[in-house]
Amino acid sequence: MAQGRERDEGPHSAGGASLSVRWVQGFPKQNVHFVNDNTICYPCGNYVIFINIETKKKTVLQCSNGIVGVMATNIRCEVVAFSDRKLKPLIYIYSFPGLTRRTKLKGNILLDYTLLSFSYCGTYLASYSSLPEFELALWNWESSIILCRKSQPGMDVNQMSFNPMNWRQLCLSSPSTVSVWTIERSNQEHCFRARSVKLPLEDGSFFNETDVVFPQSLPKDLIYGPVLPLSSIAGLVGEEAETFRPKDDLYPLLHPTMHCWTPTSDLYIGCEEGHLLMINGNTLQVTVLNKIEEESPLEDRRNFISPVTLVYQKEGVLASGIDGFVYSFIIKDRSYMIEDFLEIERPVEHMAFSPNYTMLLIQTDKGSVYIYTFGKEPTLNKVLDACDGKFQAIDFITPGTQYFMTLTHSGEICVWWLEDCACVSKIYLNTLAMVLACCPSSLSAAVGTEDGSVYFISVYDKESPQVVHKAFLSESSVQHVVYDQQGIFLLVGTSEGKVFIINANSSSSFQIIGFTEVAKDILQISTVSLLETDIVKVMVLSSLPEAGRSRLEMFTLPTLLPQVSTTFADERGRLKDEIIHKYLYELEHALSSAVLGFQSNQIYGFCSQVPYICSYLLPEEEHTGIYILKPYKKVQSRQYGPGLLYLSSHGLWLITIAKCGILCIRDVYTLETFAWCRSHSHQGHGIQSMRISMDGQNILVNGRDDGTLVYLKWKRFGGHLASEILDYYQKLLISLSSAMDKENHYLSTTPKVSVDLGSDSEHTKQKASTDLSQDELVLTDVKKEIPWIQQKSQEAIKKEVNLFSKKRKEIKQGIKSLSKTILNMMEENDKLENIAKLDQQEFGLDLEELERLHDESQEEVAKIIKDVEMHNLAKSYLAELIKEECWNSMAVKGQALKLRKEIVEAQSGVKLIKQRHEEDDEEEEEEDKTVKYSNLPNYLLGSLSTDFGVDTSLLSSQLELHSREEKINQIILLKDIIYKVKTVFNNEFDAAYKQKEFEIARVKERNVRIREIILDLELEEAVWQPEFEDCEKPERMLVVQDEEITAHKHIKPWHKAKELMVNHEKEHWLLIQDASTRLRALMDMMGGVLEVKKEDILRMVIPQPAFMAKPDAVWTEEERKQFKDYEKKVKELNEERDKYRKSLEAELKKLQNSIQESTQAFDEHLKRLFERRVKAEMVTNQEELKISNLAFSLLLDEELSSREKFLNNYLTRKQHEKSQTSEAVRKSREDLDVYKEHYDNLLAEDKVMDRSFKKEFSEIPGHQVDILYKLFKRRPRISKQKTHSETTSVVPFGELPGSGKLNKDAFAQLMKAMDELDNISNMPEGLDPLVWNHFCMTRRAKVENEQKVKQKAADLLEMATFLQKRVEEEEKVQQEIERVFHELILLQEEKVRFQLNLTIQILLKQGQVELENFQLVLEYSDAILINKNIIEDLNSVIRTQGQKKVASMMESKDVHKRILQIEWEHKKMEMEREDLNQKAWDIQMLFFSRDRQKYLNEPNYEALISIQIGIMEQTIAVLDKTHKKNVENCKKLLKKLGKFSNQKDIANYALSCNLREELVAVSERKDICNAMGSKLTCEKIVKERYENMMQQQKLTNISKQQAEQISILQTEVERLRMKTFPALVPM
């Protein structure tokens, strides 16, 4: 039974009744901690739950200020610390097992503590808070004071732990950083010193970081000035410049996940990337441990291990990941090996060893807790079995005195024992569940799911609940499941606004009676089913968020409804409103909950927007429509947030819960609270639901977000409160007893329904097959689970179809005959003439439908037209925006000029904004003024801008630009020069453009005459017509031509009418023209003209006389004369034609020549313009280069200024730090002096006490004084507490040093030993007892003083160490200041040098000065500028002298060449002589082998060689055969050896098992011998002999190894010696 600290949480009214917390059920969301060897604890909601591992007994500690934040435990002191979660949170320290508050810590934190950690020794507690302080604080929790604190903005920490071997070290780790904090102490002063660990890169390698503040390896640039750090280039001058790094220089580092300390004060760090790091606690040196891969590696899913938690054990660590395994990392030197330690069913999130290291606590992500016990069976014990998620719903199993049920969202249903909250059984629905309700009339429960189903669970057997029925109501989720008080009906509310009524009796197979429709947003369903009535009243509360109101819908269900359900519902299952008496009510304000009272037709509501509880009276008379209810009684709830109302079983208690987490029990009549309890808090969003048992004794309260289930029980409960509900409870049980017996008997015999709990409901699959005639559609139905509401709808439809089948057939036959008649009429209509034909539309019988279709088509057309118009409008608007931004905003548009093959482009030389147009007018006024030029030559001016007539008089010399203002002014003037140069060129371009327009116009005029001449001459020549292209007139690209549109143009009706009218007028005019015979005759005879023009001569033809058709012999004289005249006219006409043709040809040639000349002239002008453009671009680039150099110098100047500001700020911070360190040194020195003075005084007192001993006892004899003095110097021997060998072998950290508690215990033990020395039995003989008492008091004072001196000496040494560290820090800061001063001096020198060394631009002619790339000088520190004429004169003199020298050198060269040639010929002859001598010697010493002799003597040498080859092949074959036999024999031997090896392995395994048992027996006997404390002499002799034999064997092995090494070394020496001798090979 779990006992908690029962606290009275309310006023003791109504007979002093109050509620108390009996137990709390919840599962850990934070880490579980050990309090002692047998108890663990964890926070859950408002409580801290303690669990005894052995007895499973629970103890509860409630936080008085709401939800519990973070928690920590101190095992040695057996205290628990936790924080609350409120504004300005507190830390509470409670002792265990008394659960009494030791102290309360109050800091300056505003929001929340995120980490707490106790030191392993001493009374120290570390706390860390994140936003907004990011503060680390060290507390002395016994005295409730903060020793020191430090803020680290932006540093978010997820783990914090003290070093078990040194409380002065504290490790803080986050996913990106690891830092070790050292606590330094000087007397009562404490301070933090933080050091960050430099983590390796993601691949495990280390990155060498450079100093950002004072970089030492920056390159030196001799041309562009000094190279500065990146922070200065970025313009950073504050503290961020000390840590600034560019994006490209940031490399991903390892991400720590967990850390743990070792007994050597080292750290093991686990990383997400799978690496394991070891960090030295003193030097913070990081070592990446190497993973040793085994021969049989782990499975693929476990090849990569990212530790989630680490715990240290001897020789390594235990680690866990997300795969549900616990691994043992065996670490040796700088490598580790992974072994499987334990497998858990869920991912492990936390592990911890018990204080005695005999148990390992394992916590999963689900919240389950396992205890692994070393050396016991079973080794793994589940202490806490967590549910799958938080509790979604709860309810008592009738009658609510022994068992209750819980439901999670994942569908896990648990049955619990009410007395101690022990889990009896579980069942998984494997579907998302929403609500749960237990039936009052049977041992069953209903569960509503998200897919619209209701599962009925039989809990007749509490240890094995089972699903007995499933009802698939609809496809919408179930939101509410409510039984009435007598368990007659089950009301199910869905999200779509339907309330289903189901028979709650299992004997009726949970028959679905029907449903009624209500508003969609159902908030609550309330029922009233009294024993004395035969009806069930139902009220449904829903919200109307649009109107800010609430709606109540009430209806009545008779208890005989299951027998007559067919009369109450229609074919589709909908209950008839008039039969169930359904009424609608509305409230003027919104309610979050409402219940229906048992008497007087009252309704109780909880207001959602105001903190009031109201009661409403229902009207007695019937009404129609919506009735507005007014509040009858209004009481302040004193609870904030939306709440819920519940009624007790007898209807006299109104229970309210709200977001504040307080449960109140009120009287129904007065609405006043007589008992309340704060079971949850508003930080966890209060209470989600509650249930009260039928007898009112037991109350379950479920939290909304904190995951806690609280069991409340009455204290001092009696009087009329208890009697009323107990009487009603007895009556209700008697009334339900018969029904319960019947239903429970049925449940006990009902078999389990085969419901697939592991999968969703099956879906219907239909296969459609259509025949060739397309007359029938065959549907093949696969089994499908259809909702009940759809089944009822389908049944109703089938019934209606069967009812009206005859009528349907008659209508179909009539429609078929009518359609045949219409088809015949349409065929007759097609045979008629066009005048008599009817339109197709007139055959439509349904004129209204035709009109509707026509209207719809017109609306659709209008909609499409509107959409197209809006689309076109949007495109037009976008085009205008683009044109305005990219074209109209340009002051000078980009254009080109193009003729034939030459092209020159002039881009927008000056892109002006609208404000520059005013400057154009001023420039036009200044055109007449004379242009002023600078006095500087072009090579010093640095550009050819003077060639364009630009005024450069205002420019400063390049040798005088030292200040920043001069450079800025120079840049502005250079930009103005660029603008003027471009303007000049643009003007020339515009003139050329106008000239081209004029030339094109002239060519067009001449082309008109050329076309006429070509037409007259009937030539087939093409006329060249120049045109402007798109690049020359780019504005044409913005205009869309008609021929570019490919879509069909939509013509409006009035446009069509206008075209028809124009065509009609044209036809009318042609008819009028046909009527004019005079005009027709003129066109036929004279070509439409009355006078013949000169151009018509070529087309003129003299008609032949008519008689020429006759033969010449038949002609008359008159006809002959006419023929002669005809020939004469023809000849004259031909002559005129020739003359006119020649004149036309001459004119054509002249026109073509003129066009060609003008074109060539324009081409030449265009070429000059192109050269001008190239020169303009050259000038522009020259000026822009000057601007770039000046801008770079300004930028470098800003970088130097930024660097100087940063160094000054850095110096200021260091000086401030220097003042702080100096003050700390001064204060520490003063404290040390004062403390040293106290120590000297104490030491002097100790010496005085020693010296004055004999004076105090001068009255007694001398020999007694000597004896007393010896006793005075004697000190008791304190036996050190030796820990058990088993404990020291298991606990890796052993006894923790430096504990204040241990010092106090040692002093107490010393005083206890002094009591033994002060015993009267130790008094010398003959000494007065009074003197002995005085002696004992003096000796005790001396011992206490000695202890004080020792403590003072230790503190003094600590203070001296503290002072030494402060002095070292001060010296370090002083060195930093000196370094900054040095850097400032160097920077100022660089800045002055940069301002004096200017970059100038000089014009040089191409080819005049040429240098090779490698000869370019980069250092111009000693260079000067001189006139080029001086250099040219010197060069001419040098050339003359050089030519003379070359001539003399050529003469001497020829002589020397001849000498060398003779010497070479001499050497050649000597070498030939030596070669001949060597050849003669070789011939004499030639080696003549037997093979060569055989080759020369043997006549058939090749046959001999072939015979030898054959013999060798036979030998090889024999050897191969022998080798194969040997291989087979070896394989057989290996097989035999393998079998023998397996047998040996089996034997070894058996021996190893026996050996293990023998070792256990030996260890037990050894423990017995150790306990007896004696050893036999024979055992000692055997042990000594065994040690001697082992030592002798060891020495023998060493000698053998050394002999082998000596033989190897001798062989190597021999080889090296032979290597030094020359090898003589015989010739």
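How each quantity is defined
Sequence order sets the numbering: in each chain, residues are counted from 1 along the sequence as written. Local features in this predicted model are restricted to residues whose pLDDT is 70 or higher, and side-chain atom pairs enter the listing and the counts only when it is 80 or higher, whereas totals over whole chains, interfaces and linings include all residues. As a rule here, side-chain values cover all heavy atoms of the structure and leave hydrogens and water aside. A patch is a set of surface residues, each over 30% in relative accessible area and not in a salt bridge, joined within 9 Å for like charges and within 5 Å for the nonpolar side chains Val, Leu, Ile, Met, Phe, Trp and Tyr. All accessible areas in this document rest on Shrake-Rupley with a 1.4 Å probe, and a residue is counted as covered only by the protein chains that are shown. The term salt bridge refers to a side-chain nitrogen of Lys or Arg lying within 4 Å of a carboxyl oxygen of Asp or Glu. Positive charge is attributed to Lys and Arg, negative charge to Asp and Glu, and no charge count is given to His or to the chain ends. Think of each charge as sitting on NZ of Lys, CZ of Arg, CG of Asp or CD of Glu. Segments assigned H or I by DSSP are reported as helices when at least four residues long, segments assigned E as strands when at least two residues long, and all are numbered from the N terminus. Throughout, exposure labels follow a simple rule: accessible area from a 1.4 Å probe, protein chains only, divided by the maximum for the residue type, with under 20% read as buried, over 50% as exposed, and the rest as partly exposed. Among buried residues, those of type Ala, Val, Leu, Ile, Met, Phe, Trp, Tyr and Cys that are joined through side-chain atoms within 4.5 Å constitute a nonpolar core. Pairing of aromatic side chains here covers Phe, Tyr and the six-membered ring of Trp, requires ring centres within 6.5 Å, and sorts the geometry by plane angle: under 30 degrees stacked, over 60 edge-to-face, intermediate tilted. Fitted lines through C-alpha atoms serve as axes, helices being fitted only where they are in contact, and the angles separating the N-to-C directions of these axes extend from 0 to 180 degrees. Helix crossings fall into two classes, left-handed where the near helix is turned counterclockwise from the far one by less than a right angle and right-handed where it is turned clockwise. Any pair of residues with heavy atoms lying within 4.5 Å of one another is described as a contacting pair. Side-chain classes are defined by residue name, with Ala, Val, Leu, Ile, Met, Phe, Trp, Tyr, Cys and Pro counting as nonpolar, Asp, Glu, Lys and Arg as charged, and the others, Gly among them, as polar. Each pair of strands is called paired provided DSSP finds at least two bridges between the two strands. Roughly parallel refers to an angle under 35 degrees, roughly antiparallel to one over 145, roughly perpendicular to one between 65 and 115, and oblique to any angle outside these ranges. Confidence of the predictor at the level of single residues is given by pLDDT, which spans 0 to 100. One fewer than the residue count of a helix, multiplied by 1.5 Å, yields its expected span. Note: the arc covers the axis-to-C-beta directions of the helix.

Student: Run through a negative patch on the surface, naming residues and quoting values.
Tutor: Taken together, the side chains of Asp846, Glu848, Glu851, Asp855, Glu859, Glu860 and Asp867 define an acidic patch exposed on the protein surface. Here Asp846 is to be found in the loop between helix H6 (805-831) and helix H7 (847-888). On the accessibility criterion, Asp846 (43% relative accessible area) is partly exposed.

Student: Tell me what's going on with the nonpolar core, and back it up with residues and numbers.
Tutor: Across soluble globular proteins, nonpolar side chains show a tendency to be buried alongside one another. Counting residues in each nonpolar core, the largest one holds 57 residues, and the members touching the most others are Trp653 and Leu663. Residues Val528, Ala594, Phe606 and Tyr616 belong to the second largest nonpolar core, which totals 39 residues.

Student: Can you break down the packing of aromatic side chains residue by residue, with the values?
Tutor: What describes a pair of aromatic rings is the distance from one ring centre to the other and the angle between the planes of the rings. Enumeration according to the criterion identifies 32 aromatic pairs in this entry. Ring centres of Trp181 and Phe192 lie 5.7 Å apart, and the angle between their planes is 90°; this geometry places the pair in the edge-to-face category. Remark: Phe192 occurs in strand E18 (residues 189-196) and Trp181 occurs in strand E17 (residues 178-186); sequence separation between them is 11 residues. Accessibility assignment for this pair places Trp181 and Phe192 in one class, buried. Centroid distance Phe500 to Phe515: 5.6 Å. Interplanar angle 40°. Geometry classified as tilted. Here the residue Phe500 occupies a position in strand E42 (residues 498-503), and Phe515 occupies one in strand E43 (residues 512-517), the gap between them amounting to 15 residues.

Student: With reference to specific residues and values, describe the packing of helix H15 (residues 1262-1273) against helix H18 (residues 1329-1396).
Tutor: Viewed as axis vectors pointing N to C, H15 and H18 meet at an angle of 35°, and their least axial separation amounts to 10 Å. The interaxial crossing formed by H15 with H18 has right-handed handedness. Together, Leu1268, Leu1271 and Phe1272 of H15 and Val1331, Trp1332, Phe1335, Thr1338, Arg1339 and Lys1342 of H18 make up the contact between the two elements. Looking at the contact of H15 with H18, its residues break down into 6 nonpolar, 1 polar and 2 charged.

Student: Can you tell me about the sheet that holds strand E44 (residues 522-528), naming the residues and giving the values?
Tutor: Across the sheet, which stays open at both edges, the 5 strands sit in the order E44-E45-E46-E47-E51 with mixed pairing between neighbours. Two strands bound the open sheet, and with one partner strand each, they are E44 and strand E51 (626-629). Neighbour to neighbour, the strand axes of the sheet diverge by 25° on average, direction disregarded.

Student: Just give me the short version of the sheet that holds strand E38 (residues 453-458), but keep the residues and values in it.
Tutor: Backbone-to-backbone hydrogen bonds join strands into a sheet, with any given pair of strands oriented parallel or antiparallel. An order of E36-E37-E38-E39 is seen for the 4 strands of this open sheet, with the pairing classed as antiparallel. Where the open sheet ends on each side, the last strands, each with one partner, are strand E36 (433-438) and strand E39 (466-472). The average undirected angle you get between the axes of adjacent strands in this sheet is 20°. Strand direction decides the pairing type here: strand E37 (residues 444-449) and E38, joined by 5 bridges, are antiparallel. Directly across from Val447, in E38, lies its bridge partner Tyr455.

Student: Residue-level account of a nonpolar patch on the surface, with values.
Tutor: Taken together, Ile1426, Ile1430, Ile1431, Leu1434 and Ile1438 make up a surface patch of nonpolar side chains, about 470 Å² in accessible area. With respect to the secondary-structure elements, Leu1434 resides in helix H19 (residues 1428-1484).

Student: I'd like to hear about the environment of Leu1232, residue by residue, with values.
Tutor: Along the chain, Leu1232 falls in helix H13 (residues 1117-1251). Classification of Leu1232 by relative accessible area gives buried; the value is 13%. Once the C-alpha coordinates of Leu1232 and Met1359 are considered, the two residues, 127 residues apart in sequence, prove to be 6.3 Å apart. Apart from the residues lying within four places of it in its own chain, the contact partners of Leu1232 are Leu1356, Met1359, Ala1360 and Leu1363.

Student: Give a detailed account of the packing of H13 against H18, specifying residues and quantitative values.
Tutor: H18 packs onto H13 with a crossing angle of 160° between their chain directions and a minimal axis gap of 6 Å. It follows that H13 is roughly antiparallel to H18 by the angle criterion. Crossing angle aside, the handedness with which H13 passes H18 is left-handed. When its residues are assigned to classes, the contact of H13 with H18 shows 29 nonpolar, 11 polar and 22 charged.

Student: Could you give an account of the pattern of salt bridges, naming the residues involved and the relevant values?
Tutor: Counted by the stated rule, this structure contains 46 salt bridges. Between Glu419 and Arg22 there is a salt bridge; the shortest N-O distance is 2.9 Å. Taken together, the positions of Glu419 in the loop between strand E34 (412-417) and strand E35 (422-428) and Arg22 in strand E2 (residues 18-26) put the pair 397 residues apart, joining distant regions of the chain. The exposure class of Glu419 is partly exposed, given its relative accessible area of 38%. The network of salt bridges with common partners includes Glu184, Arg193, Lys1365, Arg1366 and Glu1369.

Student: Account for the confidence of the model for the protein, with residues named and values stated.
Tutor: In the predicted model, the protein carries a mean pLDDT of 82, and the fraction of residues at 70 or more is 87%. Note that pLDDT drops below 50 for residues 1-15; the model gives that stretch 46 contacts with residues more than four away or on any other chain. Taken together, the stretch residues 1086-1090 has pLDDT below 50 and engages in 5 contacts with residues farther than four places along the chain or on a different chain.

Student: Could you give an account of H15, with specific residues and numbers?
Tutor: With 12 residues, H15 extends 16 Å between its outermost C-alpha atoms, agreeing within 8% with the 16 Å of an ideal straight helix rising 1.5 Å per residue. Residues of H15 that are buried: Gln1264, Val1265, Leu1268, Leu1271 and Phe1272. All buried residues of H15 lie within an arc of 125° about the axis, which places them on one face of the element. Those residues of H15 that are exposed and aimed more than 90 degrees away from the buried face are His1263 and Lys1270. On its buried side, H15 packs onto H13, helix H14 (1253-1256) and H18.

Student: Lay out unusual backbone geometry in plain terms, naming residues and giving numbers.
Tutor: Leu131 connects to Pro132 through a cis peptide bond whose omega is -5°. The backbone of Ser509 sits at a positive phi, close to 55°, despite the residue not being glycine. By the element assignment, Ser509 lies in the loop between E42 and E43. Positioned with a positive phi, Arg638 is a non-glycine residue whose angle comes to about 55°. For Arg638, a relative accessible area of 73% gives the class exposed.

Student: Could you give an account of the environment of Cys63, with specific residues and numbers?
Tutor: Looking at the element boundaries, Cys63 is found in the loop between strand E6 (58-62) and strand E7 (68-74). Residue class for Cys63 comes out buried when judged on its relative accessible area of 3%. Distance from Cys63 to His680, taken between C-alpha atoms, is 9.9 Å for residues 617 residues apart in sequence. Setting aside chain neighbours within four positions, we find Cys63 in contact with Asn46, Val68, Phe82 and Asp84.

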